[in-house]
Amino acid sequence: MILLQIADFRFGIQSDRESALRQLMAANYTPFFRTETDGEELLFLLDADASLELPADEPLRTFDYALTDSPARLRIYGNRYLLTITHGPSRRTFSLEGVREVDGRFRFASDLTRRGIAPPRHILDHLLVFALSLAVLEQGFLLIHSSTVVCAGKAVLFLGESGTGKSTHSRLWLENLPDTSLLNDDGPALRVQADGSVTVYGTPWSGKTPCYRDVSYPLGAFVRICRAPYNRLSPRLSAIQALGATLPSCLPTLQQEDTLLDRVCANLSAVLRVAPVFRMECLPDADAARVCREGLRPVLD
């Protein structure tokens, strides 16, 4: 069994091809591998050798989207979710099925090892992102598409559409501001703790930047990056503005069903009670990092 721990949640992957699968995952999952359960009950155990078929009945909802060069489709059948991703070059389809049991827990199965080729890493990552997010959505967990730095011991998440400069802005902080490090460049995890505080965790999912850190920090702030011919940090956004600025960065597959979307919004609302959201209109220059950092001084220092 491959045992993983991400955001303090432990889960496993079971496969007759464990060695090959572990080798495929080594590049970005090694910091998150565990060797013992420490007596804890696993969140779930994913069967990676399953043979999956489409249900005979029509799905209640179908959501099609693109994942790099691989078209993806999520089918929702009440308490059952089927996510399929077709690898563009090979035309092989990899699938993951999640079934909500009567106790609210999820059972997962995937055909990752039955396609005749090793699953491309971005497809394996995406299927595991969906499984973990679905399994712990009721426990205050969210993955936020962002580039995230740590400054003064707190995590700052830069949000925005692809190509708006999230990673560039993080790089500018790293190059021009002391006491700054990169936590994750694509998909950090947030978890609302029992006392209402929010922790940001590194994950194996960091986009094109290899930054796979099994560390965590308190949440400091969100900053939505917007291109502009000047550098200016807005005042703190209102509650409704903050929700509008952050919800698009949450996992789209969890926003295709009302019950899931309600839970995403509830988790996000709990997060936004802790951390402010700002809008940074900026150029891709060093001054942008300094202006943003100065504006966040009351939050971070």
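Residue numbers restart at each chain and count upward from 1, following the sequence in its written direction. Whole-chain, interface and lining totals are the exception, using all residues; otherwise, since this is a predicted model, local features are given only for residues with pLDDT of at least 70 and side-chain atom pairs are given and counted only at 80 or more. Working from all heavy atoms in the structure, the side-chain values ignore hydrogens and water.

Identification of the protein chain as Phosphoenolpyruvate carboxykinase from Candidatus Tidjanibacter faecipullorum is taken from an unreviewed UniProt entry.

Moving on: the packing of helix α3 (residues 166–176) against helix α6 (residues 286–295). Taken N-terminus to C-terminus, the directions of α3 and α6 make an angle of 85 degrees; their axes are 8 Å apart at the nearest point. Overall, the two elements α3 and α6 adopt an arrangement that is roughly perpendicular. Residues His169, Leu172, Trp173 and Asn176 of α3 lie in contact with α6, whose contacting residues are Ala286, Ala288, Ala289, Arg290, Cys292 and Arg293. Angles here are taken between N-to-C directions and fall from 0 to 180 degrees, while the axes themselves are lines fitted to C-alpha atoms, restricted in helices to the stretch in contact. To qualify as a helix, a DSSP run of H or I must reach at least 4 residues; to qualify as a strand, a run of E must reach at least 2; elements of each kind are numbered from the N terminus. In these notes the angle categories are as follows: under 35 degrees is roughly parallel, over 145 is roughly antiparallel, 65 to 115 is roughly perpendicular, and the rest is oblique. By definition in these notes, contact holds between two residues if any of their heavy atoms fall within 4.5 Å.

This next bit is on the pattern of salt bridges. Any carboxyl oxygen of Asp or Glu within 4 Å of a side-chain nitrogen of Lys or Arg constitutes a salt bridge here. The full count for this structure, using the stated rule, is 13 salt bridges. The residue arginine 105 makes a salt bridge to glutamate 41 at a minimum N-O spacing of 3.6 Å. On the criterion of sequence distance, the pair formed by arginine 105 in the loop between β8 (93–100) and β9 (106–110) and glutamate 41 in the loop between β3 (33–34) and β4 (45–47) is long-range, its members being 64 residues apart. Remark: exposure states derive from per-residue accessible area (1.4 Å probe, protein chains only) relative to the maximum for the residue type, with buried under 20%, exposed over 50%, and partly exposed in between. Taking relative accessible area as the criterion, glutamate 41 reaches 66% and is therefore assigned exposed. Across the pair arginine 224 and glutamate 161 runs a salt bridge, and its minimum N-O distance is 3.2 Å. In this pair, arginine 224 sits in strand β16 (residues 216–227) while glutamate 161 sits in the loop between β12 (154–159) and α3, placing the two residues 63 residues apart along the sequence. For arginine 224, a relative accessible area of 14% gives the class buried.

Moving on, we get to the side chain of serine 234. Tracing the chain through its elements places serine 234 in the loop between β17 (232–233) and α4 (239–246). Beyond its immediate stretch of four places on either side in the chain, serine 234 contacts Phe278 and Arg279.

Here we take up the environment of glycine 104. Here glycine 104 shows up in the loop between β8 and β9. On a C-alpha basis, the gap between glycine 104 and alanine 135 in space is 9.0 Å, while along the polypeptide they are 31 residues apart.

Here we take up α3. Within α3, the full set of buried residues consists of Lys166, His169, Ser170, Leu172 and Trp173. Within α3, the buried residues cover an arc of 155 degrees as seen down the axis, which keeps them to one side. By definition, the arc is the one covered by directions from the helix axis to the C-beta atoms.

Attention now goes to the pairing of strand β18 (residues 277–282). Paired strands are those between which DSSP finds at least two bridges. In the sheet, β16 pairs with β18 via six bridges, with the strands oriented parallel. Residue arginine 224 lies in a different strand from β18, and its bridge partner there is arginine 279. Bridge analysis of β17 against β18 gives two bridges, and the strand direction is antiparallel. Following the sheet pairing, arginine 232 is matched in β18 by glutamate 281.

Attention now moves to the packing of aromatic side chains. To pair, rings of Phe, Tyr and Trp, with the six-membered ring standing in for Trp, must have centres within 6.5 Å; the planes then decide the type, stacked if under 30 degrees apart, edge-to-face if over 60, and tilted in the middle. The final tally for this structure, using the stated rule, is eight aromatic pairs. Geometrically, the ring pair formed by phenylalanine 9 and phenylalanine 141 is edge-to-face, given 6.0 Å between the ring centres and 75 degrees between the ring planes. With a gap of 132 residues between them, phenylalanine 9 in strand β2 (residues 9–14) and phenylalanine 141 in strand β10 (residues 141–143) connect regions that are remote in the sequence. On the basis of relative accessibility, which here comes to 1%, the residue phenylalanine 141 falls in the buried class.

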